[in-house]
There are 2 protein chains.
Amino acid sequence: MNYYNFNEIEIGENATFEIKITENQMKMFAEISGDLNPMHMNSKYAKERGYADKVVYGMLASSFYSTLVGMYLPGEKCLLHKCDVDYRNPVYVGDKLTVFGEVVDKRSATRRLKIKGKMVDQEGKTVNTADITVGFTGD
Amino acid sequence: MNYYNFNEIEIGENATFEIKITENQMKMFAEISGDLNPMHMNSKYAKERGYADKVVYGMLASSFYSTLVGMYLPGEKCLLHKCDVDYRNPVYVGDKLTVFGEVVDKRSATRRLKIKGKMVDQEGKTVNTADITVGFTGD
């Protein structure tokens, strides 16, 4: 985990990590959310609608933006204020996603950072982008 | 689950459901995301920073917007395209959230709906709001 203070972090600061999407994550997300839509549960159903397989919940992928800010950029001393996610391409179980984030704005008056986020799959395809605002909970 | 077709759904159509936030959801979200930030894991840590208890992950609450669109509005035949969430007040384990959604725009050319979302806690406090875009996967 990173521990950046507000004063230490600069525009342009960035972080990246990789995660692999698993069947177990899909099961747990269904259990948390109660979203049992067949597009996310049933490969045959999704294939009949032109997808390569059942589609990973967009919101499951979005949960890695929570990780981006809470663990990496800026890490411990923050809380998520806003997260705007644009889902561009489907994600499938087994995909390896690279999660990127970069600080694009810093407001001293409100002690907030704006972060541009992006997730890219193992083929280099951007699966989603995000505009994130975080506030600081400590120095 | 609802099964609205694109032609059946009108601006003003709305849906609502309640969910209770549990410790088990928090554990599963930590396991899915790998976000181990102490603000979400450690009550003492969060209380020292002015919160009533450890704070529920914003993204965990957001997962109920996946449920809103995938199960209720419009239900089966959709996929999430965009979700912009503004986190306004902290959510705690044990809170009972009412999730609201209302169709505010409908674009025939792209077969997309815009939905305004809101989550309100048991005290009537708005904990977050959302601007959501969904696309149709069937008629």
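Description of the structure in this document. (Residues numbered from 1 in each chain as written. Chains lettered and ligands numbered in written order. Predicted model: local features only at pLDDT ≥ 70, side-chain atom pairs only at ≥ 80, totals over all residues. Heavy atoms only, no water.)

Take the environment of Val-56 of chain B next. Residues and elements named next belong to chain B. Within the secondary structure layout, Val-56 lies in the loop between helix H3 (43-48) and helix H4 (58-72). Accessibility expressed as a relative area gives 5% for Val-56, which makes it buried. Taking the C-alpha atoms as reference points, Val-56 and Met-41, 15 residues apart in sequence, are found 8.9 Å from one another. When near neighbours in sequence (up to four residues on either side) are disregarded, Val-56 contacts Ile-21, Met-26, His-40, Val-91, Tyr-92 and Val-93. (Helix = DSSP H or I, 4+ residues; strand = E, 2+ residues; numbered from the N terminus. Buried < 20%, exposed > 50% of the residue type's maximum accessible area, 1.4 Å probe, protein only. Contact = heavy atoms within 4.5 Å.)

It is worth spelling out a nonpolar patch on the surface at this point. There is a patch of nonpolar side chains on the surface, built from Met-1 and Tyr-3 of chain A together with Leu-36 and Met-41 of chain B and spanning about 390 Å² of accessible area. Tracing the backbone shows Leu-36 of chain B in the loop between helix H1 (23-33) and helix H2 (38-41). (Patch = residues over 30% accessible without salt bridge, like charges linked within 9 Å, V, L, I, M, F, W, Y side chains within 5 Å. Areas by Shrake-Rupley, 256 points an atom, 1.4 Å probe, with all protein chains shown as cover. Salt bridge = Lys/Arg side-chain N within 4 Å of Asp/Glu carboxyl O.)

Attention now goes to unusual backbone geometry. All names here are of chain A. Geometrically, the link from Leu-73 to Pro-74 is a cis peptide bond, its omega value of 10 degrees lying close to zero. Take Pro-74: it is sitting in the loop between helix H4 (58-72) and strand E2 (78-87). In this structure, Arg-111 takes a positive phi of about 55 degrees despite not being glycine. Looking at where Arg-111 falls in the secondary structure, it is placed in the loop between strand E3 (96-107) and strand E4 (112-120). Residue Arg-111 is classed as partly exposed on the basis of its relative accessible area, which comes to 30%.

Here we come to the side chain of Thr-137 of chain A. One can find Thr-137 of chain A in the segment after strand E5 (126-136). We classify Thr-137 of chain A as buried; its relative accessible area is 17%. In contact with Thr-137 of chain A, other than residues within four places in its own chain, are Glu-76, Lys-77, Cys-78 and Leu-79 of chain A together with Met-39 and Arg-49 of chain B.

In the structure shown here, the tally under the stated rule is two cavities of 30 Å³ or more. Roughly 40 Å³ of volume is contained in the largest cavity. Around the largest cavity, the lining residues are Asp-35, Asn-37 and His-40 of chain A together with Ser-66, Val-69, Gly-70, Cys-78, Leu-79 and Leu-80 of chain B. Of all the elements in the fold, those that place two or more residues in the lining of the largest cavity are H4 and strand E2 (78-87) of chain B. Classifying every residue of the lining of the largest cavity by side-chain character gives four nonpolar, four polar and one charged. The volume enclosed by the second largest cavity comes to roughly 30 Å³. Around the second largest cavity sit Met-59, Ser-62, Cys-83, Val-85 and Tyr-87 of chain A together with Met-59, Ser-62, Cys-83, Val-85 and Tyr-87 of chain B, which together line it. (1 Å grid on protein atoms, 1.4 Å probe; cavity = no way out; pocket = protein on both sides within 12 Å on 5 of 7 lines; lining within 4 Å. Points joined across faces, edges and corners; volume = space filled by probe spheres on them. Nonpolar A, V, L, I, M, F, W, Y, C, P; charged D, E, K, R; others polar.)

With that settled, consider the packing of H4 of chain A against H4 of chain B. Running from N to C, H4 of chain A and H4 of chain B point in directions that differ by 165 degrees, and their axes come no closer than 10 Å. Taken together, the axes of H4 of chain A and H4 of chain B lie roughly antiparallel to each other. For the crossing formed where H4 of chain A meets H4 of chain B, the hand is right-handed. Listed contacts from H4 of chain B to Met-59, Ser-62, Ser-63, Tyr-65 and Ser-66 of chain A of H4 of chain A are Met-59, Ser-62, Ser-63, Tyr-65 and Ser-66 of chain B. (Axes fitted to C-alpha atoms, helices over the stretch in contact; angles between N-to-C directions. Parallel < 35°, antiparallel > 145°, perpendicular 65-115°, else oblique. Left-handed = near helix turned anticlockwise from the far one by under 90°.)

Time to look at the environment of Val-99 of chain B. Residue and element names in this part refer to chain B. By secondary structure assignment, the location of Val-99 is in strand E3 (residues 96-107). In sequence terms Val-99 and Thr-110 are 11 residues apart; their C-alpha atoms lie 26 Å from each other. With near-sequence residues (within four places) excluded, Val-99 lies in contact with Ala-15, Thr-16, Phe-17, Ile-19, Phe-64, Tyr-65, Leu-68, Lys-118 and Met-119.

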